[in-house]
Number of protein chains: 2
Amino acid sequence: QRRSIRAASCAMGEKEMPQTSRDLEAERARTSFAPTELNVLLRGDAHTVEARHRLLARIAADPLLGEGRLDDSFLSRAERFDKSLARMRRVHELGLPKDEAFVATRLFREGGALDKAGGFGLHTGMFVPTIELLGSDEQRATWLPLARSCAILGAYAQTELAHGTNLARLETTATFDPRSDTFELHSPTVGSIKWWPGGLGKWATHAVVMAQLTTADGKARGQQSFIVQLRDLRTHLPLPGIELGDIGPKMGYDRVDNGFLRLCRVRVPRAHMLCRHAQVRADGSFVLSSDNPRAVYGTMLFIRVYLVEEASLALQHATTIAARYSAVRRQGGAPTGAADGGGETRPPPLERAVLDYQTQQTRLLPLIAAAYAVHFAAGALRVRYDLFRASQDVRTLPDLHATSAALKSFTTSLAASGVETCRLLCGGHGYSHASGLPALYAEFA
Amino acid sequence: QRRSIRAASCAMGEKEMPQTSRDLEAERARTSFAPTELNVLLRGDAHTVEARHRLLARIAADPLLGEGRLDDSFLSRAERFDKSLARMRRVHELGLPKDEAFVATRLFREGGALDKAGGFGLHTGMFVPTIELLGSDEQRATWLPLARSCAILGAYAQTELAHGTNLARLETTATFDPRSDTFELHSPTVGSIKWWPGGLGKWATHAVVMAQLTTADGKARGQQSFIVQLRDLRTHLPLPGIELGDIGPKMGYDRVDNGFLRLCRVRVPRAHMLCRHAQVRADGSFVLSSDNPRAVYGTMLFIRVYLVEEASLALQHATTIAARYSAVRRQGGAPTGAADGGGETRPPPLERAVLDYQTQQTRLLPLIAAAYAVHFAAGALRVRYDLFRASQDVRTLPDLHATSAALKSFTTSLAASGVETCRLLCGGHGYSHASGLPALYAEFA
């Protein structure tokens, strides 16, 4: 039935090129700038633009990656998750040359080919960076090769059912037992069950679990991070003492298997506590390192920079859709012709494009400006973040924290309301998943 | 996996009554008014309240109707649609006494048992009323018994792919042919395909189709309404010249099969043009009746009154969810206890309920007030609408139009933004379909 419009059984009275296509051509012919130059400005340089075009052609030609969001909206939640995993795998199989990897990642994100991709984004964006930041040299040498080769698949289990941003009050416990040289991890209450972490539902074999450490002397030692194996590497079934699963449907992010994790007196070796900044010795003593603990928050920085970029992408997507729709949708502003019940039949004049109404312009044009203002702000933030990553100069941290936190809050609010405004600017059709806008809002709201 | 929390393999340290239940009991104990009296005030009288309780018990006990929104969110789009049809059928089978029918309809809407129920709402809310308003006595006698008994199932096909509110520019044509005494209905362009009408996708056997009438003298006679059979009554397959189907996934309203309809020179008898206000005679002449054509817009009035009531219900739902969540969610506002890495382990004091923060109150409390202000406004509007329906006094129409249009616009905007605010007030959990809020927003946005 979805194809029946094309298999028309009697001819439509359309001219060869539909009016909508002619409207778009006319708008483009009136452009006052060189689109190619603007593209170079937005992407950084001509080499990047060219690399993007090359990659886009490969994506479009790939049977799995070339499908867009529209087809995905016909899939069930489980099918969408499965397809997301298959696409991630395919991207790795493509074996991109190293200098194209960064461009490719951005392009996949922008084009939706790896749209908010499954647990994998949290594996590479949270699990691996946490080990890099909080692991000792020995721990890095042990876990990073396994994680980077995807021999193990990691989640970052911090949020609990009853505890979100107030990290100090997370309830999951880790109690050190010097006799067995292990930590016992436990979820003492319903509210302490890990809830929301992406990857727990179906994907992850391991997790970094945040828990409240108590040493053998009965003293509380604050939140520490522990690597816990969740599922058998061969059967993918939960290990003893581990209860976990999917937390069910959400407003968006079907491709991420947000899950729950209840730990029932699970024991992990002492070496599984990430110990760059604090460690428990074999004798049970607790030692803080001299490393600057502010670096602990590096993962949050990484996520904030990412979210500012996402805010720009969401606004670019949404305003492009709304601008094109506004150029081809015509309504009112012309004599209604023979609609009064008594006139002659004659071809009525074209109605006015909604883009030509000031009520449409006053809502759309500032959002287009905002999309690219955020684009350049995100670029500037990324440069400063990369400088910090290279230098590890903690003196730049306070300013970087303040700037990234403010930009993240401001730009994501702007993007959420802006995407929703773009949906409304597309009238009733904005409500259809065919417009791409409901999914964009659901994933940014 | 969804039940694994209950099948706990090791005991949780919770007291007998969870803290969340104790929090709700404490809040309720502090109520400064009598909830029973408030209930009577909201529902009109004690009899209605009692009827609601009786019906609620029947709904809760019914295996099909007793399921809530939560379970539905695990279903696929097609399953959700099927279940909606099964529920509608079940409600009819319940055979409610006539004096309970109105209460039941409201209760089903409020409780989500008939949540935005399938094509049936448009059958009873648009198809039947249109025949009542625009049909001659003879047409009413022919079609209403068939429609009311569901021997035929109707859609209201007005909106086209390229034409929405500017009705005068709908492109579907109806050309009268005196020789065969028929109208030929046709979709001349892609933009003229009927697009969005609920019920076209899967459900309807018939539709009222709005089309631009041309009489045999070549004169345009404005938009008229035609009853067109779409599907075979035995096989439910489309009739010759009819192409139709589902328009695909939307932001919400999975239970409504919004569809498309392309008419390829479909002929209907002259008697199928609804002719209370205008008719074509056998000789091809066109006659306007002396009836006041303003009554034509009665269907829009009906929908507006309905939408103001829906706005109130959506706000009542959302604010109830957000208020309860705010009472049981505790975060911050208490000493962090042993979280500094060196203290003693001791049971930490309870955190503060988010309901006790002014930042939460300033957003939630005005919305609770708004929910019930809209409730009483909707009630007053309903009274005036019922008076008009009983009296058919067209002098009351201008004021009723203005009031209903303004209230519809104001209250639905308020409800959409209010529901979204309630979702955000529930923090991350508002993003889960388990909160009920994403579905409420998607169906009101």
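No experiment lies behind these values; they were computed from the predicted model shown. (Residues numbered from 1 in each chain as written. Chains lettered and ligands numbered in written order. Predicted model: local features only at pLDDT ≥ 70, side-chain atom pairs only at ≥ 80, totals over all residues. Heavy atoms only, no water.)

Caption draft 1: Fine view of the confidence of the model for chain A. Residues and elements named next belong to chain A. A residue-level look at chain A finds 86% of positions with pLDDT of 70 or above and a mean pLDDT of 87. A low-confidence stretch, residues 1–8 stays under pLDDT 50, and its non-local contacts, those more than four residues away or across chains, total 15 contacts. Throughout residues 337–342 the model reports pLDDT below 50, and contacts reaching past four residues in sequence, or to other chains, amount to 17 contacts. (pLDDT = per-residue confidence, 0-100. Contact = heavy atoms within 4.5 Å.)

Caption draft 2: Structural context of unusual backbone geometry. Residues and elements named next belong to chain B. The phi dihedral of Trp196 is positive, around 105 degrees, even though this residue is not glycine. Mapping Trp196 onto the fold places it in the loop between strand E4 (194–195) and strand E5 (206–214). By relative accessible area, which is 13% here, Trp196 ends up buried. Residue His236 is not a glycine yet carries a positive backbone phi of 65 degrees. Mapped onto the elements, His236 comes out in the loop between strand E6 (220–229) and strand E7 (242–246). (Helix = DSSP H or I, 4+ residues; strand = E, 2+ residues; numbered from the N terminus. Buried < 20%, exposed > 50% of the residue type's maximum accessible area, 1.4 Å probe, protein only.)

Caption draft 3: Broad picture of the environment of A:Gln360. Residue and element names in this part refer to chain A. As for its placement among the helices and strands, Gln360 is situated in helix H10 (residues 358–391). Put simply, Gln360 and Leu425 are 65 residues apart on the chain and 6.9 Å apart in space, counted from C-alpha to C-alpha. Leaving out residues up to four positions away in the same chain, Gln360 has contacts with Ser326, Val354, Leu355 and Leu425.

Caption draft 4: Molecular detail of the pattern of salt bridges. Residue and element names in this part refer to chain A. Counting across every chain of the model gives 45 salt bridges over all chains. Between Arg267 and Glu184 there is a salt bridge, and its shortest N-O distance comes to 3.4 Å. Of this pair, Arg267 sits in strand E9 (residues 266–269) while Glu184 sits in strand E3 (residues 182–186); the two residues are 83 residues apart in sequence, bridging distant segments of the chain. Since its relative accessible area comes to 45%, Arg267 is described here as partly exposed. Accessibility expressed as a relative area gives 16% for Glu184, which makes it buried. The salt bridge involving Arg255 is made with Glu443; its shortest N-O contact spans 3.4 Å. In this pair, Arg255 sits in the loop between strand E7 (242–246) and strand E8 (259–263) while Glu443 sits in the segment after helix H12 (437–442), placing the two residues 188 residues apart along the sequence. Through salt bridges that share partners, Asp177, Arg179, Glu184, Arg265 and Arg267 make up one connected network. (Salt bridge = Lys/Arg side-chain N within 4 Å of Asp/Glu carboxyl O.)

Caption draft 5: Structural detail: the packing of helix H1 (residues 19–29) of chain A against helix H9 (residues 298–328) of chain A. All names here are of chain A. Contact pair H1 / H9: the axes reach a minimum separation of 8 Å and the direction vectors enclose 115 degrees. The angle between H1 and H9 places the two elements in the roughly perpendicular class. H9 is crossed by H1, and the crossing has right-handed handedness. In contact with Thr20, Asp23, Leu24, Glu27 and Arg28 of H1, H9 contributes Arg324, Ala327 and Val328. For the contact of H1 with H9, the class distribution of residues is three nonpolar, one polar and four charged. (Axes fitted to C-alpha atoms, helices over the stretch in contact; angles between N-to-C directions. Parallel < 35°, antiparallel > 145°, perpendicular 65-115°, else oblique. Left-handed = near helix turned anticlockwise from the far one by under 90°. Nonpolar A, V, L, I, M, F, W, Y, C, P; charged D, E, K, R; others polar.)

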